[in-house]
Amino acid sequence: MYDYLIVGSGLFGAVFAQRAKAAGKNVLVVEKRDHIGGNIFTKDEDGIAVHQYGAHIFHTNDRKVWDYITRFAEFNRYTNSPVANFHGELFSLPFNMYTFHKMWGVVTPKEAAEKIKEQREAAGITEPKNLEEQAISLVGTDIYEKLIKGYTQKQWGRACKDLPAFIIKRLPVRLTFDNNYFNALYQGIPTEGYTKLIENLLEGIEVRLDTDYLDPATKQELDAMAEKVVYTGCIDAYFGQRLGALEYRTLRFETERLEVANYQGNAVVNYTDAETPYTRIIEHKWFTFGKTPEGEETSHTIISREYPAEWKQGDEPYYPVNDEKNSALYAEYKALADEEKKVIFGGRLGQYKYYDMDAVIAEALLAAEKEGI
Ligand code: FAD
Ligand code: UDP
């Protein structure tokens with residue numbers, strides 16, 4: 001008998017498992033993929049840690065989370081500063097004085113603020129009700145048109161008018177010359193890759209790969225083996241989508257090895273026009289400053305183009321679509337989940353929330369605390 005059966009070896013599952021094991025509990029982790037780590041999985045390719053499921057930059061303001069996670073990995077000083085490419089024109093991200101200077105030729109913060117105000121007023125927005133209005137009211141119509149509209153519509157497959165405002169509020173807007181994509185106090189990438197971080201969290205814990213918990217025969221057998229279940233898969237899949245399917249966005253990654261040392265000069269370049277079919281190109285080596293974990297430079301590089309698409313059965317569900325329709329359906333599933341006394345629903349898919357890694361860790365630590373472990 002196990003005290004906890006943990007479904008999913010992503011960050012939520014791994015953190016909860018670590019806390020449970022440390023409290024002397026018997027834990028079994030099952031994972032349907034053939035590797036641990038969920039979406040933060042990195043794979044070593046000749047000295048380059050490839051972010052197999054998209055670029056992952058750890059950042060947090062939460063001291064407790066930072067102190068906890070740095071017990072399991074050393075982090076480098078990587079600071080995310082993506083470049084936006086709009087039909088070959090380059091802009092700095094997030095939206096800051098470098099961006100405003102390039103867009104309008106403004107030199108002072110006062111001039112930039114006036115330009116934004118002028119465009120917001122011309123658009124007649126007082127209380128932003130959706131992503132488009134929120135974006136224009138934060139940075140004006142020029143930046144919306146060149147850096148937000150095309151990218152967002154590709155990413156979400158929906159018009160900016162039909163998306164919630166909070167998505168764009170993830171990005172800082174600054175009247176300073178600061179290209180740091182995050183406002184977080186702590187930021188970095190595990191020097192030995194995220195997979196090693198997960199391995200360290202799961203040290204001494206039994207993990208069964210290639211095991212789909214929702215396979216009916218497997219589920220019955222596994223449920224009988226555990227006092228409690230921590231479920232980090234899709235909440236609607238748990239209930240057999242009996243109230244209808246929640247929507248997700250998926251991604252297709254086209255990864256290529258190139259025999260050049262430097263392809264784009266930055267880890268992340270966003271393609272913000274509507275015509276380029278991908279949203280971004282990741283050049284993985286720059287997450288570790290072009291160096292292998294042993295400190296050597298590589299003469300090759302690995303890039304991934306990221307193509308967003310609507311999720312269908314069989315795809316990886318990367319992003320919950322937190323619009324009104326899906327949020328209402330999620331609330332119904334949440335009510336069902338609350339009735340499952342033996343099961344804790346956690347993580348991006350179990351809670352259907354656009355969580356970053358630090359929020360997932362905080363939630364897992366909280367779930368463990370609530371269990372008294
Ligand atoms: P997951 O990583 O999805 O793990 C869930 C696990 O459960 C998976 O391994 C899955 O295979 C397994 N599973 C599901 N169903 C079953 C089943 N039935 N049986 C067995 N196993 C099952 N966050 C940041 O902080 N910074 C970033 O830069 C960042 N970039 C991102 C970029 C992309 C493209 C994406 C998609 C996300 C990004 N995130 C980022 C968010 C980050 O990936 C998540 O917050 C975090 O990985 C979520 O962890 P999780 O354990 O909840 O989910
Ligand atoms: N976004 C944009 N242009 C960009 C980068 C981001 O319009 O160049 C918008 C887009 O809607 C995206 C949201 O901002 O979904 C949040 O961006 P973030 O980089 O946080 O997305 P993630 O890394 O989670 O995919």
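Scroll up for the structure.
Our subject in this report is the structure included herewith. (Residues numbered from 1 in each chain as written. Chains lettered and ligands numbered in written order. Predicted model: local features only at pLDDT ≥ 70, side-chain atom pairs only at ≥ 80, totals over all residues. Heavy atoms only, no water.)

### Some details on the site of ligand 2
The line we're drawing: If even one non-hydrogen atom of a residue comes within 4 Å of a molecule or strand, that residue is called near it. By the criterion applied in these results, polar contacts are pairs of N or O atoms within 3.5 Å in which, for protein atoms, one can donate a hydrogen and the other can accept it, and in which residues neighboring in sequence qualify only through two side-chain atoms. Per-residue and other accessible areas follow the Shrake-Rupley method at a 1.4 Å probe size, with only the shown protein chains counted as cover for residues. Here a helix means four or more residues in a row that DSSP labels H or I, a strand means two or more in a row labelled E, and each is numbered from the N terminus.
Of all residues adjacent to ligand 2, which total 17 residues, the nearest are Thr152, Arg170, Tyr181, Tyr319 and Tyr354. At a separation of 2.5 Å, an oxygen atom of ligand 2 approaches a polar side-chain atom of Tyr354. Taken by itself ligand 2 offers 520 Å² of open surface, and the protein chains cover 93% of this. Examining the composition of the shell around ligand 2, we find that six residues originate from one element, helix H6 (residues 141-156), more than from any other.

### Observations concerning the site of ligand 1
Our working rule: As a working rule, the residues Ala, Val, Leu, Ile, Met, Phe, Trp, Tyr, Cys and Pro are called nonpolar, Asp, Glu, Lys and Arg charged, and the rest polar, with Gly in that last group.
Contacts to ligand 1 come from 33 residues, most closely from Glu31, His56, Ile57, Tyr355 and Met357. Within the contact set of ligand 1, an oxygen atom lies 2.7 Å away from a side-chain nitrogen or oxygen of His56. Here Thr232 contributes a side-chain N or O atom positioned 3.5 Å from an oxygen atom of ligand 1. Here the shell around ligand 1 gets three residues from one element, more than from any other, and that element is helix H11 (residues 347-350). Of the residues in the shell around ligand 1, the class split is 17 nonpolar, ten polar and six charged.

### Observations concerning a negative patch on the surface
Our working rule: Think of a patch as exposed residues, more than 30% relative accessible area, with no salt bridge, where like charges cluster within 9 Å and nonpolar side chains (Val, Leu, Ile, Met, Phe, Trp, Tyr) cluster within 5 Å. Should a side-chain nitrogen of Lys or Arg be within 4 Å of a carboxyl oxygen of Asp or Glu, the pair is scored as a salt bridge. When charges are counted, Lys and Arg are positive and Asp and Glu negative, with His and the chain ends excluded. To locate a charge, the coordinates of NZ of Lys, CZ of Arg, CG of Asp or CD of Glu are taken. Relative accessibility thresholds used throughout: buried, under 20% of the residue-type maximum; exposed, over 50%; partly exposed, between the two (1.4 Å probe, protein chains only).
A surface patch of negative charge is lined by Asp44, Glu45, Glu74, Glu192, Glu294 and Glu296. Residue placement: Glu192 occurs in the loop between strand S8 (186-188) and helix H7 (194-201). Overall, the relative accessible area of 56% leaves Glu192 in the exposed class.

### Quick notes on the pattern of salt bridges
Working definition: two side chains of opposite charge can pair if their charged atoms are close together. Inspection of every chain in the model, using the stated rule, returns 27 salt bridges. Glu247 is paired through a salt bridge with Arg158; the nearest N and O atoms lie 3.4 Å apart. Here Glu247 is found in the loop between helix H9 (235-238) and strand S11 (248-258), whereas its partner Arg158 is found in the loop between H6 and S8, with 89 residues between them in sequence. Given a relative accessible area of 15%, Arg158 falls into the buried group. A network of salt bridges, in which partner residues are shared, links Arg158, Glu247, Arg249, Glu310 and Lys325.

### Observations concerning helix H4 (residues 109-123)
The condition is simple: Expected span of a helix, by definition, is 1.5 Å for each gap between consecutive residues, and there is one gap fewer than residues. Picture the helix axis, draw a direction to every C-beta atom, and the arc is the one those directions span. By definition, residues are in contact when any of their heavy atoms lie within 4.5 Å.
Taking 1.5 Å per residue as the helical rise, H4 with its 15 residues ought to reach 21 Å, and the 21 Å between its terminal C-alpha atoms agrees with that figure. Among the residues of H4, those classed as buried are Ala112, Ile116 and Gln119. Each buried residue of H4 lies within a common arc of 65° when the element is viewed along its axis, so the set occupies one face. Of the residues in H4, the exposed ones pointing more than 90 degrees away from the buried face are Lys110, Glu121 and Ala122. Those residues of H4 that are buried lie in contact with helix H3 (97-104), helix H5 (131-139) and H6. Of the residues one or two after H4, Gly124 is the one with positive phi, at around 70°.

### With respect to unusual backbone geometry
Here Leu93 and Pro94 are connected by a cis peptide whose omega angle stands at -5°. Examined against the element boundaries, Pro94 turns out to sit in the loop between strand S7 (89-92) and H3. For Asp210, which is not glycine, the phi torsion reads 50° and is therefore positive. Note on Asp210: relative accessible area 57%, which makes it exposed. Positive phi values are uncommon outside glycine, yet Gln241 reaches one of about 50°. Here Gln241 shows up in the loop between H9 and S11.

Any functional reading would require information that these geometric values do not contain.
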